[in-house]
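If you want the building blocks of each chain, they are given just below.
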Amino acid sequence: MENLTAVLFSILGATGQGLLWAVLALGIYITFKILDIADMTCDGSFALGGCVSVTLTVSGWNPFLTLLISVLAGMAAGMVTGLLHTKLKIPAILAGILSMISLYSINLRILGQANESLVKSDTIISLIKDLIPDSIMDYMRYSTLNSIIVITVGIIFGVLLCILLYWFFGTEVGSALRATGNNADMIRALGQNTDHMKILGLVISNGLIALSGSLVAQSQGYGDVNMGQGSIVIGLASIVIGEVFLGHRTSFISKLISVIVGSVVYRVIIALVLQAGLNNNDQKLFTAIIVAFALSIPVIKKTKFGRFVSKIFAWIKKSKFGRFMNKIFGRKRKTSTVVTSSK
């Protein structure tokens, strides 16, 4: 019974963290899936958001206001990467690596040390907790209440960001940005400046990643210059796991939702495996295995075992549950026409 309780609490905590890390996954989705760019800046911009938020919070700033400053800092990092790639013609992956390396020193300067605690400062979680009546807090465990608050914050930000991104990528600028990743030559032929679109995509992406870093730092109660290490792998794991669970849906909103679902599922899987006895030091190795397996699914589908599993999924899709899910996530996204403009 105690083991079951521990597992349930770990799942609850993992769900909250998955929702906060889902914001990072949404940012990586913009560059990796929409722009078709493997942006390595995310490792640095995630830590940048956390370091900026923690430093300002310790200095007495409102924790909610520090989120906005963190987003602006992340957007600046994305713009630097975009300028290195588009104006100086440095390959995208190398431009991201250069930004990531430089951000380590910048984050160290911002934080003033390797890590900083928020124990003596108000955080988003503590401010929300102060609004909860004592009668409710007396009947709930501290960790449980903390996890519920984190889940609530994650759901709010996830819903707002999905609505905002769905609206933006339905505008003329957003449609041009999506088209740039699909066929840059066609967009140039229509008179759009693809360099501007790439910079815009990197700016938005790293702004979201920095927001995720600040939210994670606020929830865990400290900031660290190494907190973004391996974040691109975590983001990719969330994207591919979401695609496995919800499939390659055609509607854009369903793709955004799949990223959030994938982030939560990834965190829950990690929590369950850790509960089963996996060494915490092997977590990144396990993550790499998950991503490699998910990316190799198209090849696995061609095997006998893959065809057998495909038949099972086909049967599920034809069931009542499958038809119900298809009604919710299967609607096609209407995109607006790209209006041509002179360079």
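Structure first, text after, so check above.
Below or above, wherever it landed, is the structure these notes cover.

Calculation notes
Residues numbered from 1 in each chain as written. Predicted model: local features only at pLDDT ≥ 70, side-chain atom pairs only at ≥ 80, totals over all residues. Heavy atoms only, no water. Phe/Tyr/Trp six-rings, centres within 6.5 Å; stacked < 30°, edge-to-face > 60°. Helix = DSSP H or I, 4+ residues; strand = E, 2+ residues; numbered from the N terminus. Buried < 20%, exposed > 50% of the residue type's maximum accessible area, 1.4 Å probe, protein only. Lys NZ or Arg CZ within 6 Å of the ring centre and 35° of its normal. Salt bridge = Lys/Arg side-chain N within 4 Å of Asp/Glu carboxyl O. Core = buried A, V, L, I, M, F, W, Y, C linked by side-chain atoms within 4.5 Å. Contact = heavy atoms within 4.5 Å.

### Thoughts on the packing of aromatic side chains
Enumeration according to the criterion identifies three aromatic pairs in this entry. Their ring planes at 25° and their centres at 4.5 Å tell us that Trp-21 and Phe-46 sit as a pair that is stacked. Of this pair, Trp-21 sits in helix H1 (residues 2-34) while Phe-46 sits in helix H2 (residues 42-58), placing them 25 residues apart in sequence. Judged by its relative accessible area of 9%, Trp-21 falls in the buried class. Here the guanidinium or amino end of Arg-178 rests over the ring plane of Phe-252, the centre of that ring lying 4.6 Å away. The ring of Trp-21 is capped by Arg-267, whose NZ or CZ atom sits 4.6 Å from the centre of that ring.

### Focus: the pattern of salt bridges
Here the structure, examined in full by the defined rule, presents two salt bridges. A salt bridge links Lys-33 to Glu-243, with the shortest nitrogen-to-oxygen separation between them at 3.0 Å. Of this pair, Lys-33 sits in helix H1 while Glu-243 sits in helix H11 (residues 231-246); the two residues are 210 residues apart in sequence, bridging distant segments of the chain. Across the pair Asp-185 and Arg-188 runs a salt bridge, and its minimum N-O distance is 2.3 Å. A residue pair is termed a helical-turn pair when its members lie 3 or 4 positions apart in one helix, as Asp-185 and Arg-188 do in helix H9 (residues 184-189) at three residues. Take Arg-188: its relative accessible area is 33%, and that puts it in the partly exposed class.

### Observations concerning the nonpolar core
Ranked by size, the top nonpolar core spans 71 residues in total, and within it Leu-26, Phe-169, Leu-208 and Leu-215 carry the most contacts. In this structure, Leu-208 is in contact with Val-23, Leu-26, Gly-27, Ile-30, Leu-161 and Leu-165, ignoring residues within four places of it in sequence.

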